[in-house]
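# Chains, contacts and geometry: an overview
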Amino acid sequence: MMDNELKYYLLLQSIEGVGATTLRNLIEQFGSAKSVFSSNIQTLLKIPRINAKIAEKILFAEKDLDQMNLILDEVKRNKIKIITYQDTNYPKSLKSISNLPPILYVKGKIFSGKSIAIIGTREASAKGKQYAKEFASILTRAGYIIVSGYAKGIDTFVHLGAIMAGGKTIAVLPFGILKFSFHPELLEFADTFFNQATIISEFFPYSEWSVGNALARNRITSALADKILVVEAGDSGGTVNTVEHAIKQNKPVYLFQGISSPADDRIKKLNALPIHSIDELLDK
């Protein structure tokens, strides 16, 4: 997609109240992101989820176009690709999910092959971190691309295990891609990280972390994987939320039983398959 259209995608995404679904609705209605800004308030108010306040923001947003050009330049300097849902190279695994991300920011190679998402709590135990790293390494050597959500705790050690085993990993960010920084555990691999890892974000490049972003990110984490492994769920809803997305997407979910977590019963009720060793998953 040409930069002239991309800057209007960014402009739409920068407007408070224009989420993924609304952005797509606007583009479907007007044919392009640029055309949205040539509209009028009466037409905009016919779009689902657009109220008078959001419509007014859209109509006055073009004053920020120069800032969008600066952000596009920064994205290019960081060798980040921008892929929209209208592009032919948009990931097929995301095409069919509900509320698909209309725009993706991608740094690193786009991998293909069998994949597994390994997920768990941010407040991981020492045992959980060790299992996460070990399982990621074993599954990497078994030929899997390892997907996780780039949070602290389980996710970080999942990415670490994949990198240490010389494998490929995909980090799905819960914030804007220009806010990316290395977790301390990954700093040792900073020089080679992007040879083995891909980072993906659907959010405006300078978006901060938020609970809403973290939950939205989960549907992408599960969609990019063929199967999902829960290592240590903890007691927060984030892991359960990812499992819920995976089940809706008809992905098999495996729950490791080597660590007892408060959310285990909820995950089992979602039809996750209990396993007691990584060998059980490899045999499936």
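All of the points below concern the structure found in this document. (Residues numbered from 1 in each chain as written. Predicted model: local features only at pLDDT ≥ 70, side-chain atom pairs only at ≥ 80, totals over all residues. Heavy atoms only, no water.)

## A few points about the packing of aromatic side chains
Just so we agree on the cut-off: Pairing of aromatic rings covers Phe, Tyr and the six-membered ring of Trp, with a centre-to-centre limit of 6.5 Å; geometry is then stacked below 30 degrees between planes, edge-to-face above 60, and tilted otherwise. Only runs of H or I of at least four residues qualify as helices and only runs of E of at least two qualify as strands under DSSP, and these elements are numbered from the N terminus. Here's how the labels work: a residue is buried when its accessible area is under 20% of the maximum for its type, exposed when over 50%, partly exposed in between, all with a 1.4 Å probe on protein chains only.
In the structure shown here, the tally under the stated rule is 11 aromatic pairs. Centre to centre, the rings of Tyr-8 and Phe-37 are 5.6 Å apart; their planes meet at 40 degrees, and the pair counts as tilted. Of the two residues, Tyr-8 is situated in helix H1 (residues 3–14) and Phe-37 in the loop between helix H3 (33–36) and helix H4 (41–44); the sequence distance between them amounts to 29 residues. The residues Tyr-8 and Phe-37 share a single accessibility class, namely buried. Centroid distance Phe-180 to Phe-182: 5.2 Å. Interplanar angle 75 degrees. Geometry classified as edge-to-face. Given a relative accessible area of 18%, Phe-180 falls into the buried group. An aromatic cluster of three or more residues is present, and its members are Tyr-150, Phe-180, Phe-182, Phe-193 and Phe-194.

## So, the packing of helix H8 (residues 126–141) against helix H9 (residues 154–164)
Spelled out, the test is: With axes taken as lines fitted to C-alpha atoms, and helix axes fitted only over the stretch in contact, angles between N-to-C directions fall between 0 and 180 degrees. Working rule for handedness: look at the near helix, and if it is turned counterclockwise from the far one by less than a right angle, call the crossing left-handed; if clockwise, right-handed. Contacts were defined at the residue level, with two residues in contact if any of their heavy atoms lie within 4.5 Å.
The interhelical angle for the contact between H8 and H9, taken along N-to-C directions, is 35 degrees, at an axis separation of 7 Å. Of the two elements, H8 crosses H9, and the hand of that crossing is right-handed. Two secondary-structure elements touch here, H8 through Gly-128, Lys-129, Ala-132, Lys-133, Ala-136, Ser-137 and Thr-140 and H9 through Ile-154, Phe-157, Val-158, Leu-160, Gly-161, Ala-162 and Met-164.

These values are about where atoms sit, not about what they do.
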